Amino acid sequence: MSSWKDPEIAGVRALLASRQPAPGEPRPSIEARRAASDAFGEMGSLPPGCRHEPMIAAGVKGERVIPAGALEGRRMLYLHGGGYTGGSPRSHRPLAARLAEASRTSAIVAEYRLGPEHACPAALEDAIAVYRWMLEEDGAEPERTMVAGDSAGGGLTLALTLALKDLGLPQPAGLFVISPWADLTQSHASYHTKAADDPMITKQGLDDSAKAYLAGFNPRDPRASPVFGDFEGVAPMLIQVGSEEALLGDSLLLAERAGHARVEVRLEVWPEMIHVWHAFGGQLGAARRAIKAAGQWMDARMGG
């Protein structure tokens, strides 16, 4: 597709194209990708009056993000994306802050362990530890707590909710996932049908990230690929995904399997949007609208 009904998406695509390696150049190293991701986040602006501070929860480093309008007692656990090999509270600070502002809550962004240094299920173990700490030591009430994440962090959000069920821990008020990477086998047809339209994600790139994080761990284990889990009894979820994503199929499959398990699911496929377009709020009106819609959903789920 050479033209877009949304005129702003073409500008974002041009920006992304300008940052791609030249043909024949090797893919940047994990260290270089991590540094670039953090630099992107550091360049982003935060909502007026929003503050952030480092913290440690159950031995897991992280950051607490507190927008000006956060309501007392509300909590969000935000799990960042980055293919389980990159990303951090710094890279995702603007996005987490905008979502926290829209839902009138404070957010904890966990700096969970990454591959290849730490193999699956290290990230999940950290997410469980932080969530448990929020309930037991930080005063969080499950009915006023959200868990949210993008890309790999979206998949981790889903793996966490399945683990909470297995552990007998209370579910949060809701789950919000953006473009979740929920199937580390990369088996859906969208990896091929959307390959020419996705400017950010490739099957080969995800295959490499999966190999680095799994380190031999079964990719069909729900701790790695939650689409293969049993969703009966988990929290309601909102899924937002772009129509031009190679990962589109993960969201479709997730909604189908959660729906079969009688979970309350709201699936939004945003036309012409790309992977985690919410991160481009400065350029995209669609990003701001998506964040507003997600904030309203989360706000309603958490009550007063």
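Refer to the structure printed above.
Residues numbered from 1 in each chain as written. Predicted model: local features only at pLDDT ≥ 70, side-chain atom pairs only at ≥ 80, totals over all residues. Heavy atoms only, no water.

Caption draft 1: Up close: the overall build of the chain. Secondary structure summary: the chain contains 9 helices and 8 strands in total. In terms of overall size, the chain behaves like a compact globule, its C-alpha atoms giving a radius of gyration of 18 Å where 304 residues would be expected to give roughly 19 Å. Along the first, second and third principal axes, the C-alpha atoms of the chain reach 50 × 45 × 35 Å. Buried residues in the chain amount to 58% of all 304 residues. Nonlocal contacts in the chain, meaning residues at least 24 apart in sequence, comprise 78% of its contacts between residues at least 6 apart. Element-wise, carbon and sulfur atoms account for 53% of the exposed surface of the chain, whose accessible area totals about 12500 Å². (Helix = DSSP H or I, 4+ residues; strand = E, 2+ residues; numbered from the N terminus. Rg over C-alpha atoms; globule rule 2.2 N^0.38 Å. Buried < 20%, exposed > 50% of the residue type's maximum accessible area, 1.4 Å probe, protein only. Contact = heavy atoms within 4.5 Å. Areas by Shrake-Rupley, 256 points an atom, 1.4 Å probe, with all protein chains shown as cover.)

Caption draft 2: Seen up close, the sheet that holds strand β2 (residues 60-66). The strand order across the open sheet formed by 8 strands is β1-β2-β4-β3-β5-β6-β7-β8, and the pairing between neighbours is mixed. Edge positions in the sheet fall to β1 (51-57) and β8 (265-270), since each of these pairs with one other strand and no more. The average angle at which neighbouring strand axes cross in this sheet is 20°, direction not considered. Where helix α9 (residues 285-302) meets the sheet, its contacts fall on β3 (75-79), β5 (145-150), β6 (174-178), β7 (237-242) and β8, and the angle it forms with β7 comes to roughly 175°. (Pairing = 2+ DSSP bridges. Axes fitted to C-alpha atoms, helices over the stretch in contact; angles between N-to-C directions.)

Caption draft 3: Layout of the packing of aromatic side chains. Within this structure, the stated rule accounts for 4 aromatic pairs. Ring centres of W270 and W277 lie 5.8 Å apart, and the angle between their planes is 45°; on these two criteria the pair is classed as tilted. W277 shares its class with W270; the two are buried. One aromatic cluster is present, built from ring pairs that chain together Y84, W181 and Y213. (Phe/Tyr/Trp six-rings, centres within 6.5 Å; stacked < 30°, edge-to-face > 60°.)

Caption draft 4: Broad picture of the nonpolar core. Residues L77, L79, Y84, L160, W181, F231 and M237 are the most contacted members of the largest nonpolar core, which totals 57 residues. If sequence neighbours within four positions are ignored, F231 has contacts with L158, L162, K165, P226, M237, L254, A258, A261 and V263. Core analysis: the next-biggest nonpolar cluster, separate from the first, contains 23 residues, M76, A148, F176 and A294 among them. (Core = buried A, V, L, I, M, F, W, Y, C linked by side-chain atoms within 4.5 Å.)

Caption draft 5: Region of the structure containing unusual backbone geometry. G115 connects to P116 through a cis peptide bond whose omega is 0°. The residue P116 is located in the loop between β4 (106-110) and α4 (122-136) in this model. Between C120 and P121 the backbone carries a cis peptide bond, its omega angle lying at 10°. Assignment of secondary structure puts P121 in the loop between β4 and α4. Although it is not a glycine, A58 sits at a positive phi angle of roughly 55°. The class of A58 is partly exposed, set by a relative accessible area of 47%. With a phi angle near 50°, A215 is a residue other than glycine that sits in the positive phi range. Within the secondary structure, A215 is located in the loop between α7 (203-214) and β7.

Caption draft 6: View of the environment of E42. Position of E42 among the secondary structure elements: in helix α2 (residues 30-43). Spatially, the C-alpha atom of E42 lies 32 Å from that of A163, the residues being 121 residues apart in sequence. Setting aside chain neighbours within four positions, we find E42 in contact with R90 and R93.

Caption draft 7: Broad picture of the packing of α4 against helix α5 (residues 152-167). Taken N-terminus to C-terminus, the directions of α4 and α5 make an angle of 65°; their axes are 10 Å apart at the nearest point. The chirality of how α4 crosses α5 is right-handed. Mapping the contact onto sequence places A123, L124, A127, I128, Y131 and R132 in α4 and L156, A159, L160, A163, L164 and L167 in α5. Residue composition of the contact of α4 with α5, by class: 11 nonpolar, no polar and 1 charged. (Left-handed = near helix turned anticlockwise from the far one by under 90°. Nonpolar A, V, L, I, M, F, W, Y, C, P; charged D, E, K, R; others polar.)

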